[in-house]
Amino acid sequence: MEEIKRRKRELVYQGAVLNVYRDQVELPNGNVAEWDYIHHDGAAAVVPVTEDGKILMVRQYRNALDRATLEIPAGKLNDPKEEGIVCAKRELEEETGFQSEQLEWLITLRNERIEIFVAKNLIPTEQHLDEDEFVEVEAYTMEELKEKIFAGEIEDGKTISALMAYAVKYC
């Protein structure tokens, strides 16, 4: 494949979670195009597995969808250099009220880079939600979660990817 060269990058919008840039690129045929680029520092997520094999999920409101969704616990990195496992441990406790010293990498998704881990041997603590977070924790079997995916009740890409990867690797 012939090379595409970025000539220029201009910050168009700076937000709390992401930045939007307008790139000017030179295509292999010599034409110049403008492409939008959305930068996100990255995130981590976790599949928390209870002693009886159930998976803890969080139900929370998502502004972009204007409704609550059922997802695995996840959150953005505090800074781009933060290790995914550190973020995953933090989000596990913040959102579910559990800790784990046994986190294992499962998969990494690319777009906004989300590292996903599996947490076992969960230790109950307390939730530490942000002021603007309202999260309900629910436990499901893998079979129940598969049914919810194929019924369209779970639509979040990271959650579906993580649960299906977990099912293939561990079930």
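Residues numbered from 1 in each chain as written. Predicted model: local features only at pLDDT ≥ 70, side-chain atom pairs only at ≥ 80, totals over all residues. Heavy atoms only, no water.

### Considering the overall build of the protein
Helix and strand content of the protein: three helices and twelve strands. Across its three principal axes, the protein shows a C-alpha extent of roughly 60 × 35 × 30 Å. Carbon and sulfur atoms provide 48% of the accessible area of the protein, an area that totals close to 10500 Å². Each charge class in the protein can be summarised by its mean position, and for the 21 positive and 36 negative side chains these summaries are 6 Å apart. (Helix = DSSP H or I, 4+ residues; strand = E, 2+ residues; numbered from the N terminus. Areas by Shrake-Rupley, 256 points an atom, 1.4 Å probe, with all protein chains shown as cover. Lys, Arg positive; Asp, Glu negative; His and termini not counted. Charge placed at Lys NZ, Arg CZ, Asp CG, Glu CD.)

### Remarks on the pairing of strand E10 (residues 114-120)
Put simply, side chains in a regular strand alternate between the two faces of the sheet. Among the seven residues that make up E10, six are buried, leaving the element largely enclosed by the rest of the structure. Sheet topology note: the strand E4 (residues 43-48)/E10 ladder contains six bridges and is parallel. Within E10, the residue paired with Ala 43 across the bridge is Ile 114. In the sheet, strand E9 (residues 102-109) pairs with E10 via seven bridges, with the strands oriented antiparallel. Its bridge partner being in E10, Ile 107 is matched across the sheet by Ile 116. As consecutive antiparallel partners, E9 and E10 are separated by four residues, and within that stretch Asn 111 has a phi angle of approximately 155°, a positive value. (Buried < 20%, exposed > 50% of the residue type's maximum accessible area, 1.4 Å probe, protein only. Pairing = 2+ DSSP bridges.)

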